[in-house]
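# Summary of structural features
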There are 2 protein chains.
Amino acid sequence: MKLEKAAAQLEALGNPTRLQLYRILVRAGDDGLAVGSVQGKLDIPSSTLSHHLKRLVDTGLVTQERQATTLICRANYPGMNALIGYLADECCADAVCAPAVGKALV
Amino acid sequence: MKLEKAAAQLEALGNPTRLQLYRILVRAGDDGLAVGSVQGKLDIPSSTLSHHLKRLVDTGLVTQERQATTLICRANYPGMNALIGYLADECCADAVCAPAVGKALV
DNA sequence: ACTTAATTTCGAAAAATATGGAAATAACAT
DNA sequence: ATGTTATTTCCATATTTTTCGAAATTAAGT
């Protein structure tokens, strides 16, 4: 993973609203969630939500699939894994932190 | 870890200059690196660097220790591990991505 | 074609971030 | 005390981000 891409993904997640949004999608699992359903959970205007979603989609953290008029959004696990892998590699280049990453697995 | 804190750390890392800066500190290992040495590697004005460093320190990703006139900076591994753990937990809440996280360990 | 529902784009204002020169501070040596 | 080096704070500016109402678009359903 290139540093620029990692930074873009980190920045995308580095906004409380978007991180919350991403969490909601993760919790929705493989079924995903329609934009409208997400809006119900976040209670923000649709245009604001659309901008945030776009950011997550553009950076490869979320995917979207049309079903008639509704747009299903899903957390893109491979994208997140690549990011976590990048961070872990950066973090563990010299150190000491493998155990804690391991802990996240349990 | 609280969502707000995770978001602040992600945002701190979500800037190419700061991510590069953080990488440099990780690679410097336990010895750390003086602010001036970092500046030499990044080639940015000291005031700009100081702002970025402050952001990483404030969010708990970097620590600093005075040695006479120079300030030694170190990557704060526990801070990063907590963040990676948070992301892994969020990501793996329902899914499918444990194997990839495992891969990051190797 | 017309309507309805879902979502995005446009446009614009407020807020936050990024950048860096110049001055201030910190810590020490002489 | 003065000088020197290292780093931060102050200040101002340019850019980017965030926010959201209103209008436009998309995709059915009737």
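Reading guide: rules and limits
- Residues numbered from 1 in each chain as written.
- Chains lettered and ligands numbered in written order.
- Predicted model: local features only at pLDDT ≥ 70, side-chain atom pairs only at ≥ 80, totals over all residues.
- Heavy atoms only, no water.
- Helix = DSSP H or I, 4+ residues; strand = E, 2+ residues; numbered from the N terminus.
- Buried < 20%, exposed > 50% of the residue type's maximum accessible area, 1.4 Å probe, protein only.
- Contact = heavy atoms within 4.5 Å.
- Areas by Shrake-Rupley, 256 points an atom, 1.4 Å probe, with all protein chains shown as cover.
- Near = heavy atom within 4 Å.
- Polar contact = N/O pair within 3.5 Å; in protein donor to acceptor, adjacent residues only side chain to side chain.
- Axes fitted to C-alpha atoms, helices over the stretch in contact; angles between N-to-C directions.
- Parallel < 35°, antiparallel > 145°, perpendicular 65-115°, else oblique.
- Left-handed = near helix turned anticlockwise from the far one by under 90°.
- Pairing = 2+ DSSP bridges.

Another point: the overall build of chain A. Scanning chain A from N- to C-terminus turns up six helices and three strands. Residues classed as buried in chain A amount to 47% of the 106 residues present. Of all intrachain contacts in chain A linking residues separated by at least 6 positions in sequence, the fraction that spans at least 24 positions is 56%. For chain A, the accessible area works out to roughly 5,100 Å², and carbon and sulfur atoms hold 50% of it.

All right, on to the protein's contact with DNA strand C then. As a matter of local geometry, DNA strand C sits amid 23 residues, with Gly36 and Leu71 of chain A together with Ser47, His52 and Arg55 of chain B nearest to it. If you look at DNA strand C and keep only atoms within 4 Å of the protein, 62% of those are sugar or phosphate atoms. For DNA strand C, a phosphate oxygen lies 2.6 Å from a polar atom in the backbone of Gly36 of chain A. In this structure, a sugar or linking oxygen belonging to DNA strand C sits 3.4 Å away from a main-chain N or O atom of Thr69 of chain A. Take the surface near DNA strand C: its biggest share by element is five residues, from helix 4 (residues 46-58) of chain B.

Now for the packing of helix 1 (residues 3-13) of chain A against helix 1 (residues 3-13) of chain B. If you want to describe how two helices pack, look at the angle between their axes and the distance between the axes. The contact between helix 1 of chain A and helix 1 of chain B brings their axes to 7 Å, and the two run at 150 degrees. The orientation of helix 1 of chain A relative to helix 1 of chain B falls into the category roughly antiparallel. Where helix 1 of chain A crosses over helix 1 of chain B, the handedness of that crossing is left-handed. Residue-level inspection shows Ala7, Leu10, Glu11 and Leu13 of chain A of helix 1 of chain A in contact with helix 1 of chain B, the latter providing Ala7, Leu10, Glu11 and Leu13 of chain B.

Before going further, it helps to examine the sheet that holds strand 2 (residues 62-67) of chain A. Residues and elements named next belong to chain A. Pairing is antiparallel in the open sheet, where three strands are placed in the order 1-3-2. The open sheet has two edge strands, strand 1 (33-34) and strand 2, and neither has a second partner. Relative to strand 3 (residues 70-75), strand 2 runs antiparallel, the two sharing six bridges. Bridging from a neighbouring strand, Glu65 pairs with Ile72 of strand 3. Lying over the sheet, helix 4 (residues 46-58) contacts strand 2 and strand 3, oriented at roughly 115 degrees with respect to strand 2.

Here we come to the packing of helix 2 (residues 16-28) of chain A against helix 1 of chain B. Between helix 2 of chain A and helix 1 of chain B, the least distance of the axes is 9 Å, while the angle of their chain directions is 115 degrees. Compared by their axis directions, helix 2 of chain A and helix 1 of chain B come out roughly perpendicular. Where helix 2 of chain A crosses over helix 1 of chain B, the two elements pack in a sense that is right-handed. Of the residues in helix 1 of chain B, those touching helix 2 of chain A at Pro16, Leu19, Gln20 and Arg23 of chain A are Leu3, Glu4, Ala6, Ala7 and Leu10 of chain B.

Around DNA strand D, the surrounding shell holds 23 residues, and the nearest of these are His51, His52 and Arg55 of chain A together with Gly36 and Leu71 of chain B. Here the atoms of DNA strand D within 4 Å of the protein split so that 63% fall in sugar or phosphate, with bases taking the remainder. Between Thr48 of chain A and DNA strand D, the recorded distance is 3.4 Å, taken from a side-chain N or O atom to a phosphate oxygen. Arg55 of chain A places a polar side-chain atom, nitrogen or oxygen, 2.8 Å from a phosphate oxygen of DNA strand D.

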